[in-house]
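# Structural overview for review
Okay, here's what each chain looks like letter by letter:
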Amino acid sequence: MPIMCLIYGINYLDKTTISYASIMGLKTDLKLKGDDYQWLGSMFYFGYLAFEWPTSRLLQRLPLAKYSSFNVIMWGIVLTLFAATFNFAGALTVRFFLGVFESAVTPGFALFTSQWYTKYEQGTRTGIWFSFNGVGQIVGGLVAYGIARGAADGGVAIASWKIVFLVFGLLTAGLGVIFLFIMPDNQLNARWLSKEDRVLAIARVRVNQQGIGNKHWKLYQLKEAFLDPLTWAFVLYALIADIPNGGISNFFSQLIVSFGYTPIQSLLYGTPGGAVEVIALIVSGYIGDRLRRRVLVSMVGLSIALLGIILIVALPLENKKGRLAGYYLTQASPTPFVAILSLISTNIAGYTKKTTILMMYLVCYCIGNIIGPQTFRPSAAPRY
């Protein structure tokens, strides 16, 4: 769990580093015009979408931990390359390949969770590692603030936004190497367990009736996935819910600036939103598992997020503190997304069916996140 949490925290940082950079000079240095920035936000998910089906097959066919580690290392290397871009086309290319390599992370982690934990533990565990998106937002905001403040006070040899990409990219690649040596593909090759404990680790998840990973692709399970009505309920939610997610995750720094704060202040004031996400996900996962009502409990987080959106929309422009508080509340919104993700890993037996539904769920997640940045039109500022 600790290494999964660290990797997933970095996962959020890598996707949203562009939001920090957008108010640190990136737009000027890359000569972005019109809706160029919106397309940079969406392009990440075009890469994610393009590779989601191949990566779901590779997650089943290849050793799970080794393939996941390869993707983590590669996405760290690609992120550092953003510092070498000097125009819109180069940035667009980097964002596409960043999505390609990150497409293995969430489905891979859902499979790890289903391998190692009983179905009564998986909601809490999924909530814990997913909550490190919030930890990533806190750390990322503080690091970006420190870099921006240092650049303003003492000057730097390269643009401060490039330093942010280099720091987070190198950190990701380094953690990917650690992940490669620590994370086992399954209980059978966990070096840190004795032979007896490996047997026990498999025996304790027998209650799931799902096995620990079958490498054979089964056509009948593919058909089951497409004919199951719950599959379409899951993917419809992912599509709709991730339209606002795609907008806010790419524009939250600019959104805070639009409330009336300075760019440097926005880096710092964005961090409490991460704490809201951490608390909401862990509490929702734990209570959902205890009551065995994950979806129902997760609706509380979504209701809090809706209240936050109402505050941002309804409060007058001059009430910047109230609108900032509204933004913080929106960060409770991932609770249903994570609850459904845990249901896919818990309630769906058959490795082919599970990976297929995960793929479909995340494809619609991508489509929603592609649409989201396009809803933030430059002409609509500051109300958006």
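These figures come from a predicted structure and were not determined experimentally.

Rules behind the numbers
Residues numbered from 1 in each chain as written. Predicted model: local features only at pLDDT ≥ 70, side-chain atom pairs only at ≥ 80, totals over all residues. Heavy atoms only, no water. Axes fitted to C-alpha atoms, helices over the stretch in contact; angles between N-to-C directions. Helix = DSSP H or I, 4+ residues; strand = E, 2+ residues; numbered from the N terminus. Parallel < 35°, antiparallel > 145°, perpendicular 65-115°, else oblique. Left-handed = near helix turned anticlockwise from the far one by under 90°. Contact = heavy atoms within 4.5 Å. Nonpolar A, V, L, I, M, F, W, Y, C, P; charged D, E, K, R; others polar. UniProt positions renumbered as here; feature names shortened; annotations may be inferred. Buried < 20%, exposed > 50% of the residue type's maximum accessible area, 1.4 Å probe, protein only. Expected span 1.5 Å × (residues − 1). 1 Å grid on protein atoms, 1.4 Å probe; cavity = no way out; pocket = protein on both sides within 12 Å on 5 of 7 lines; lining within 4 Å. Points joined across faces, edges and corners; volume = space filled by probe spheres on them. Salt bridge = Lys/Arg side-chain N within 4 Å of Asp/Glu carboxyl O.

Now for the packing of helix 3 (residues 36-61) against helix 6 (residues 105-116). Running from amino to carboxyl end, helix 3 crosses helix 6 at an angle of 30°, the nearest separation of the two axes being 9 Å. What the angle tells us is that helix 3 and helix 6 run roughly parallel. The two elements helix 3 and helix 6 meet at a crossing, and its hand is right-handed. Residues Tyr48, Glu52 and Leu59 of helix 3 pack against Thr106, Pro107, Gly108 and Leu111 of helix 6. Partitioning the contact of helix 3 with helix 6 into residue classes produces four nonpolar, two polar and one charged.

This brings us to the UniProt feature "transmembrane region" (unreviewed entry) in the chain. Mapped onto the present numbering, the UniProt feature "transmembrane region" (unreviewed entry) falls on residues 67-90, 96-117, 129-148, 160-182, 225-247, 267-288, 295-315 and 327-345. Between the end C-alpha atoms of residues 96-117 there is a gap of 33 Å, over a span that is 86% helix and 0% strand. Between the C-alpha atoms that bound residues 327-345 the distance is 30 Å, and the span itself is 79% helix and 0% strand.

Let us look at the environment of Phe132. One can find Phe132 in helix 7 (residues 122-154). A relative accessible area of 24% means that Phe132 is categorised as partly exposed. Along the primary structure Phe132 and Ile18 are separated by 114 residues, whereas in three dimensions their C-alpha atoms are 18 Å apart. Other than its neighbours up to four places away in sequence, Phe132 contacts Cys5, Leu6, Tyr8 and Gly9.

The end-to-end C-alpha distance of helix 6, which contains 12 residues, comes to 17 Å, matching closely the 16 Å that a straight helix rising 1.5 Å per residue would cover. With 12 of 12 residues buried, helix 6 lies mostly within the body of the structure. If you check which residues of helix 6 are buried, you get Val105, Thr106, Pro107, Gly108, Phe109, Ala110, Leu111, Phe112, Thr113, Ser114, Gln115 and Trp116.

Moving on, we get to empty space enclosed by the protein. Across all of its chains, the model carries three cavities of 30 Å³ or more by this definition. By volume, the largest cavity is sized at about 80 Å³. Surrounding the largest cavity, Gly123, Leu281, Ser284, Gly285, Gly288, Asp289, Arg294, Ser298, Thr335, Val338, Ala339 and Ser342 form its lining. Within the residue set of the lining of the largest cavity, elements represented by two or more residues are helix 13 (271-291), helix 14 (294-314) and helix 16 (335-347). Among the elements that make up the lining of the largest cavity, the one with the highest residue count is helix 13 (five residues). Per-class residue counts for the lining of the largest cavity are three nonpolar, seven polar and two charged.

What follows covers the layout of surface pockets. Put simply, the largest pocket is a space of about 620 Å³. Along the walls of the largest pocket sit 30 residues, with Ala241, Pro244, Asn245, Ser333 and Pro334 positioned nearest its centre. Those elements giving two or more residues to the lining of the largest pocket turn out to be helix 1 (2-22), helix 3, helix 7, helix 11 (229-258), helix 14 and helix 15 (320-330). At 10 residues, helix 11 tops the list of elements feeding residues into the lining of the largest pocket. For the lining of the largest pocket, a count of residues per class yields 18 nonpolar, eight polar and four charged.

Moving on, we come to the packing of helix 10 (residues 219-227) against helix 17 (residues 351-374). At a minimum axis separation of 8 Å, helix 10 and helix 17 run at an interaxial angle of 40°. As judged from the angle between their axes, helix 10 and helix 17 are oblique. For helix 10 against helix 17, the interelement crossing comes out right-handed. Side by side, helix 10 and helix 17 meet where Gln221, Leu222, Glu224, Ala225 and Phe226 of the first sit next to Tyr351, Thr352, Lys353, Thr356, Ile357 and Met360 of the second.

For the coordinates displayed, the defined rule picks out six salt bridges. The salt bridge partner of Lys353 is Glu224, with a shortest N-O separation of 3.7 Å. Of this pair, Lys353 sits in helix 17 while Glu224 sits in helix 10; the two residues are 129 residues apart in sequence, bridging distant segments of the chain. A relative accessible area of 11% means that Lys353 is categorised as buried. Among the salt bridges present, the one from Asp228 reaches Lys353, with a minimum N-O distance of 3.5 Å. Taken together, the residues Asp228 in the loop between helix 10 and helix 11 and Lys353 in helix 17 connect sequence positions 125 residues apart. Of the residues examined, Asp228 reaches a relative accessible area of 22% and is grouped as partly exposed. Salt bridges here are not isolated pairs; linked through shared partners, they connect Glu224, Asp228 and Lys353.

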